[in-house]
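Now for the letters of each chain:
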Amino acid sequence: MTRSIVVGLDGTEQANAAAEWAAEEALLHGTGVHLVHAKEPVPEAVLSFVTRESEETWAEEMVARVAGSLRERHPGLSVTTRLLSTSPVPGLVAAAQENELLVLGSRALGSVAGYLVGSVGLTVAGAVERPVVLVRAGTGATAPQGPVVVGTDMRQPADDVLGFAFEEAARRHSHVHVVYAEQLPLFAGLGPAMVPDIRAAVAPEIRRSLDELLAPWRAKYPDVEAAPRVVVGSPGVELVEAARDAALVVVGRRKRHSTLSAHIGSVAHAVLHHSPVPVALVPHD
């Protein structure tokens, strides 16, 4: 079975933006788009106003409308649809496992409407063992031109994360900005009056290590320019800043095989909520 790019729909503007971004991405991958909608549990207090039949009719019409719009804007693109019989978290996780990439809509902090945000969306993103891209409406939903920004940790480098970033840059005929953020001890920034400022001495050594880390990827993708950047500060803040003119920002997420919960990590959480462009969360061991 050919793997598609699967999109979770909930009828919101953000989910529609995710579908459009997925269509552009599918053209780059040479694959199709699979639109899915998972039923949310209907509270008992609402059942007297909304019947299950009307909810299902709404879902069918909503998914068909998005599919028709994608086919109209992208002639020849394969667009398939499916209404999932399970609740959002298990339904979206299962759909993602069967496909190449999961794309969800995303909002800023503070919004509570829709199941693609908050605890459900973050749980899905933290549980899926395939890359997940989160897209906000009006912030690069149509795959803008620009570099692919990726964060890396040289202490625990993740090939899956760098590989995803280089592959995305190659598809876009773009380049990669590899960001390593070093959080130095508090005393390092107190200035020469207190202690020697060691940042100038540390950065070149880190840069050499980063170049060594990137050497095999530069050899594998000779047409993709890789620009390493060493910064001092919070990784989440620095990645958001670096992503302002990017097409995509890529962040690693360690796989957590727990039956209780799934977490995306503090850096990924910060980037997800504040990035001005789509964010790809790539799981790694």
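Residue indices begin from 1 for each chain and proceed along its sequence in written order. In view of the model being predicted, local features appear only for residues whose pLDDT reaches at least 70, and side-chain atom pairs are presented and counted only at 80 or more, with totals across whole chains, interfaces and linings using the full set of residues. Where side-chain values are given, they derive from all heavy atoms of the structure, hydrogens and water being excluded.

Would you mind showing me how to read the overall build of the protein here?
A helix here means a DSSP run of H or I that spans at least four residues, while a strand means a run of E at least two residues long, and both kinds are numbered starting from the N terminus. Broken down by element type, the protein carries nine helices and 10 strands. When accessible area is computed with a 1.4 Å probe and restricted to protein chains, residues below 20% of their type maximum are described as buried, those above 50% as exposed, and intermediate ones as partly exposed. Residues counted as buried form 48% of the 285 residues belonging to the protein. At a minimum sequence separation of 6, the contacts of the protein that also span at least 24 residues come to 81%. We get accessible surface area from the Shrake-Rupley algorithm with a probe of 1.4 Å; when it comes to residues, only the shown protein chains can shield them. As presented, the protein carries roughly 13800 Å² of accessible surface, and 54% of it is formed by carbon and sulfur atoms. Any pair of residues with heavy atoms lying within 4.5 Å of one another is described as a contacting pair.

Looking at this structure, how should I read the nonpolar core?
The tendency in soluble globular proteins is for nonpolar side chains to be buried as a group. Put simply, buried Ala, Val, Leu, Ile, Met, Phe, Trp, Tyr and Cys residues joined by side-chain atoms within 4.5 Å make one nonpolar core. Of all hydrophobic cores here, the largest spans 48 residues; its most connected members are Val7, Leu9, Leu35, Val103 and Val250. If one sorts the elements of this core by residue count, helix H1 (residues 13–29) sits on top with eight residues. Judged by nonpolar contacts, the second largest core, of 33 residues, contains Leu84, Val132, Leu239 and Val271.

Please clarify how the sheet that holds strand S7 (residues 176–182) should be interpreted in this entry.
Sheet strands line up and pair through hydrogen bonds in the backbone, either parallel or antiparallel. Reading across the sheet, the 10 strands line up as S3-S2-S1-S4-S5-S10-S9-S6-S7-S8 and stay open at both edges, with mixed pairing between neighbours. At either end of the open sheet lies a strand with only one pairing partner, and these are strand S3 (79–84) and strand S8 (226–232). Ignoring strand direction, the axes of neighbouring strands in this sheet form an average angle of 25 degrees. When DSSP finds two or more bridges between two strands, those strands count as paired. The sheet contact formed by strand S1 (residues 5–8) and strand S2 (residues 33–38) spans four bridges and is parallel. By the bridge assignment, Val7 is partnered in S2 with Leu35. Between N-to-C directions, angles cover 0 to 180 degrees, with each direction set by a line fitted to C-alpha atoms, over the stretch in contact for helices. Relative to the sheet, helix H6 (residues 159–172) contacts strand S4 (101–105), strand S6 (148–151), S7, S8, strand S9 (248–254) and strand S10 (279–284), its axis offset from that of S6 by approximately 175 degrees.

When you look at the pattern of salt bridges in this model, what are you seeing that I'm missing?
Side-chain pairs of opposite charge can arise where the charged atoms are in close proximity. Note on definitions: salt bridges are taken to be side-chain nitrogens of Lys or Arg within 4 Å of carboxyl oxygens of Asp or Glu. In total, this model carries eight salt bridges according to the counting rule given. Put simply, Glu168 and Arg171 hold a salt bridge, and the shortest N to O gap is 3.3 Å. Note that Glu168 and Arg171 are positioned in helix H6 at a spacing of three residues, about one turn of the helix. Members of the salt-bridge network, linked through shared partners, are Glu25, Glu167, Glu168, Arg171 and Arg172.

Even after reading the chapter, I still don't get the pairing of S7, so can you show me in this structure?
In regular strands, side chains alternate between the two faces of the sheet. Counting buried positions along S7 yields six of seven residues, so the element is predominantly enclosed. Bridge analysis of S6 against S7 gives four bridges, and the strand direction is parallel. Residue pairing in the sheet places Val149 in a bridge with His177 of S7. With H6 bridging S6 and the parallel S7, this β-α-β connection has right-handed handedness. Here seven bridges tie S7 to S8, and the two strands are oriented parallel to one another. Across the sheet, residue Val179 finds its bridge partner in S8, namely Arg229. Seen with its strands pointing away from the viewer, a crossover is right-handed when the path leading from the first strand over the helix to the second is clockwise.

What should I look at first to understand helix H8 (residues 235–242) in this one?
The α-helix winds at 3.6 residues per turn, so residues separated by three or four positions along the chain end up facing the same way. Taken together, the buried positions of H8 are Gly236, Glu238, Leu239, Val240 and Ala242. Where the residues of H8 are buried, they touch S6, S7, S8, S9 and helix H9 (266–274).

Would you take a moment to explain the pairing of S1 for this structure?
Residues Ile5 and Val7 point to one face of S1 and Val6 and Gly8 to the other, with burial holding for every one of them. Regarding the hand of the β-α-β motif, the stretch spanning S1, H1 and S2 is right-handed. Pairing geometry for S1 and S4, over three bridges, is parallel. The residue bridging Ile5 from the neighbouring strand is Leu101, located in S4.

Where do I start with the environment of Pro228 in this structure?
Note that Pro228 resides in strand S8. Each C-alpha atom, one on Pro228 and one on Val150, is 9.7 Å from the other, the two residues being 78 residues apart in sequence. Non-local contacts of Pro228, meaning those with residues more than four positions away in its chain, are made with Val178, Arg207, Leu210, Asp211, Leu214 and Arg218.

Help me out: how do you make sense of the packing of H8 against H9 in this one?
The description of two helices packed together rests on the angle between their axes and the distance between the axes. Relative to each other, H8 and H9 sit at 35 degrees, their axes nearing to 8 Å. Handedness of the crossing formed by H8 with H9: right-handed. Seen from H8, the contacting residues are Pro235, Gly236, Leu239 and Val240; seen from H9, they are Val267, Ala270, Val271 and His274. Throughout this entry, Asp, Glu, Lys and Arg are counted as charged residues, while Ala, Val, Leu, Ile, Met, Phe, Trp, Tyr, Cys and Pro are counted as nonpolar. The remaining residues, Gly among them, count as polar. Residues that form the contact of H8 with H9 fall into these classes: six nonpolar, two polar and no charged. Rotating anticlockwise by less than a right angle from the far helix to the near helix defines a left-handed crossing, while the corresponding clockwise rotation defines a right-handed one.

Mind showing me how you'd approach unusual backbone geometry here?
Trans peptide bonds make up most of the peptide bonds, and negative phi angles are found at most residues other than glycine. The phi dihedral of His173 falls on the positive side, at around 55 degrees, and the residue is not glycine. For His173, a relative accessible area of 76% gives the class exposed.

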